[in-house]
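Observations on chain architecture
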Amino acid sequence: MKRTLVALAVAGAFLAPAAAMADGSGIVLTGVVHGDIGFGHEKDNNGDKVYDRQANIGTFATRWQIDGTEDLGWAQAIFSLAMDQQFAGPAREGSGKVTNNNNVGDLNNRNSFLGLTGGFGTIKIGQNEHQYEIQQILQDPDPASENTHSTLGLMTSWGIAGRQNFTSRDPQSIWYTSPNFGGVTIDAAYITPRGGKTSGINPDGYQLAAQWKSAFGLSLYGAFARYNDENGTTDSKNDAFRVGVGYGMELFQVDVFAEQLKFKDDALSDKRTNVGVSGALNFGQHHIRAAFSTAGKLKRDGESLDDTQARLFLVGYAYTLSKRTELQVNYGKLDNKEFAQFGAGGGAVASPGNDADRFGVGIRHTF
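Residues numbered from 1 in each chain as written. Predicted model: local features only at pLDDT ≥ 70, side-chain atom pairs only at ≥ 80, totals over all residues. Heavy atoms only, no water.

Before going further, it helps to examine the overall build of the chain. Secondary structure assignment for the chain yields 2 helices and 21 strands. If you take every contact in the chain between residues at least 6 apart in sequence, the share linking residues at least 24 apart comes to 58%. (Helix = DSSP H or I, 4+ residues; strand = E, 2+ residues; numbered from the N terminus. Contact = heavy atoms within 4.5 Å.)

The structure is reproduced here in structure tokens:
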């Protein structure tokens with residue numbers, strides 16, 4: 001059934017525009033096919049191997065997306081349907097770390113919405129990653145932060161009690177993006193209780209963000225996210241605050257960013273500060289990318305806990321074969337203590353307390 005729906009959707013994306021052009025509407029199909037052959041290993045705190053280097057095909061953020069617009073005169077109606085789709089299934093049992101738990105052809109909803117856009121800005125309803133994550137993606141040297149070698153592998157994903165990942169896609173959201181005011185845009189999102197308030201638990205949330213981009217390459221970012229009752233208890237709050245500054249031109253890009261994560265309920269109070277820096281050099285078809293991020297010690301009820309920090313170093317090289325295809329070589333190394341997650345894009349995932357690294361050679365194609 002899923003494959004039938006996909007076939008109909010793809011066929012419709014190509015056939016519909018011819019009929020739709022007459023009424024000022026249009027449909028566009030885009031996507032990414034991205035994967036590599038990687039070799040990684042993981043060690044526990046005693047230095048014993050959890051798994052050794054063996055070939056593993058990582059599919060990462062392979063996806064397709066159908067976008068539609070209709071001109072209403074005073075505004076445009078817009079929609080987007082986006083799906084993850086694997087082209088390689090999980091690795092065999094015992095053959096190294098499994099890249100993902102999905103089989104070939106499995107679909108997972110990405111950013112999908114309905115909305116209106118015009119001089120008033122843009123308002124959408126649906127499922128989406130909000131500006132807290134998008135700001136990190138913009139400041140990541142890897143395309144769309146879509147593989148193991150991304151700052152999302154440590155920043156924010158390396159969470160605290162109650163909520164491990166402030167960058168997860170919220171399945172029920174209402175959000176607004178302002179027009180561009182002299183390089184400044186503002187975003188606001190409300191995340192619904194997802195099924196209603198039950199037993200005094202009301203797991204809703206919101207995000208606020210602003211960014212400024214100058215004509216000479218300087219960018220400033222700021223975002224705040226709050227999720228209430230996220231851990232299944234009443235009166236709990238998960239907060240994340242993030243700031244960043246970047247400077248980019250055609251030849252190079254450099255970004256510095258920091259965030260503070262907080263969790264509080266009646267039983268305890270957690271706080272953690274993460275910082276990072278990333279950069280890229282571009283010489284024609286050659287691209288060198290690197291990033292370093294560190295997650296600080298967890299502070300519980302005001303006291304720092306030992307062995308709760310982590311560091312992630314990433315370096316990569318890409319060669320563009322065309323506007324849509326590039327070859328990549330990447331290496332990532334995690335020095336991990338505890339409460340850590342590695343590989344937000346689906347690569348080698350380190351268990352809490354384990355160190356890990358991964359080397360991969362792959363290809364990325366957009367359409």
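With that settled, the discussion passes to the pairing of strand 10 (residues 184–191). Of the two faces of strand 10, only the one carrying Thr 185, Asp 187, Ala 189 and Ile 191 is buried; Val 184, Ile 186, Ala 188 and Tyr 190 on the other face are not. Relative to strand 10, strand 9 (residues 170–177) is paired through 5 bridges, and the arrangement is antiparallel. Paired with Trp 175 across the two strands is Ala 189, which belongs to strand 10. Count of turn residues in the strand 9/strand 10 antiparallel hairpin: 6 residues, of which Gly 182 carries a positive phi of about 60°. Of the pairings in the sheet, the one linking strand 10 to strand 11 (residues 205–213) comprises 8 bridges and is antiparallel in character. Bridging across to strand 11, Asp 187 finds its partner in Ala 209. (Buried < 20%, exposed > 50% of the residue type's maximum accessible area, 1.4 Å probe, protein only. Pairing = 2+ DSSP bridges.)

This structure, assessed with the given rule, holds 4 aromatic pairs. Ring plane angle 45° and centroid distance 5.9 Å describe the contact between Tyr 247 and Phe 252, whose orientation is recorded as tilted. The residue whose ring lies beneath Lys 124 is Phe 113, and the NZ or CZ to ring-centre distance is 4.2 Å. (Phe/Tyr/Trp six-rings, centres within 6.5 Å; stacked < 30°, edge-to-face > 60°. Lys NZ or Arg CZ within 6 Å of the ring centre and 35° of its normal.)

Turning to the pattern of salt bridges, a few remarks are in order. Enumeration over the complete set of coordinates arrives at 7 salt bridges. The partner of Arg 226 in a salt bridge is Asp 239, and the shortest N-O contact between them spans 2.8 Å. Taken as a pair, Arg 226 in strand 12 (residues 218–228) and Asp 239 in strand 13 (residues 237–248) lie far apart in primary sequence, 13 residues in all. Note on Asp 239: relative accessible area 12%, which makes it buried. With a shortest N-O distance of 2.8 Å, Asp 270 and Arg 300 are connected by a salt bridge. Residue Asp 270 is found in strand 15 (residues 269–283), and its partner Arg 300 is found in strand 17 (residues 299–300); the two are separated by 30 residues along the sequence. According to the relative accessible area criterion, Asp 270 is buried, its value standing at 2%. (Salt bridge = Lys/Arg side-chain N within 4 Å of Asp/Glu carboxyl O.)

Right, let's talk about the nonpolar core for a bit. Formed by Tyr 132, Phe 166, Ile 191, Ala 209, Ala 223, Ala 225, Tyr 227, Ala 240 and Leu 261, the largest nonpolar core amounts to 9 residues. Sorting elements by how many residues they give to this core places strand 12 first, with 3 residues. If near-sequence neighbours (up to four positions away) are discounted, Ala 225 is found in contact with Tyr 132, Phe 166, Tyr 206, Gln 207, Asn 238, Asp 239 and Ala 240. Within the second largest apolar cluster, 5 residues are counted, among which are Ala 291, Ala 310, Leu 312 and Leu 314. (Core = buried A, V, L, I, M, F, W, Y, C linked by side-chain atoms within 4.5 Å.)

What follows covers unusual backbone geometry. Excluding glycine, residues mostly have negative phi values, and the peptide bonds linking residues are mostly trans. In this structure, Asp 301 takes a positive phi of about 55° despite not being glycine. Summarising the element assignment, Asp 301 is placed in the loop between strand 17 and strand 18 (303–304).

Moving on, we come to helix 2 (residues 131–138). Of all the 8 residues making up helix 2, 6 are buried; the element is thus mostly covered by neighbouring parts of the structure. For helix 2, every residue scored as buried is listed here: Gln 131, Tyr 132, Glu 133, Gln 135, Gln 136 and Ile 137.

Turning our attention to the environment of Phe 166. Of note, Phe 166 is situated in the loop between helix 2 and strand 9. Separated by 59 residues in the primary sequence, Phe 166 and Ala 225 place their C-alpha atoms 7.7 Å from one another.

The next thing to look at is the pairing of strand 20 (residues 325–336). Bridge count between strand 19 (residues 310–320) and strand 20: 11 bridges; the pairing is antiparallel. The residue bridging Thr 320 from the neighbouring strand is Glu 326, located in strand 20. Between strand 19 and the antiparallel strand that follows it, strand 20, lie 4 residues. With 10 bridges joining them, strand 20 and strand 21 (residues 355–366) adopt antiparallel strand pairing. In the strand pairing of strand 21, Tyr 331 is matched with Phe 359.

Here the focus is the environment of Gly 248. Within the secondary structure, Gly 248 sits in strand 13. With 29 residues separating them along the chain, Gly 248 and Ser 219 place their C-alpha atoms 8.3 Å apart. Here Gly 248 is in contact with Gly 217 and Gln 253, once residues within four sequence places are set aside.

To continue, consider the confidence of the model for the chain. Looking at the chain as a whole, its pLDDT mean stands at 78, while 71% of the residues score no less than 70. When the elements of the chain are averaged for pLDDT, helix 1 (residues 2–20) gives the smallest value, 50, and strand 7 (residues 112–118) the largest, 96. This stretch, residues 94–99, has a pLDDT under 50; its non-local contacts, to residues over four places away or in other chains, come to 19 contacts. Confidence over residues 339–351 falls short of pLDDT 50; this stretch has 50 contacts with residues more than four positions distant or in other chains. (pLDDT = per-residue confidence, 0-100.)

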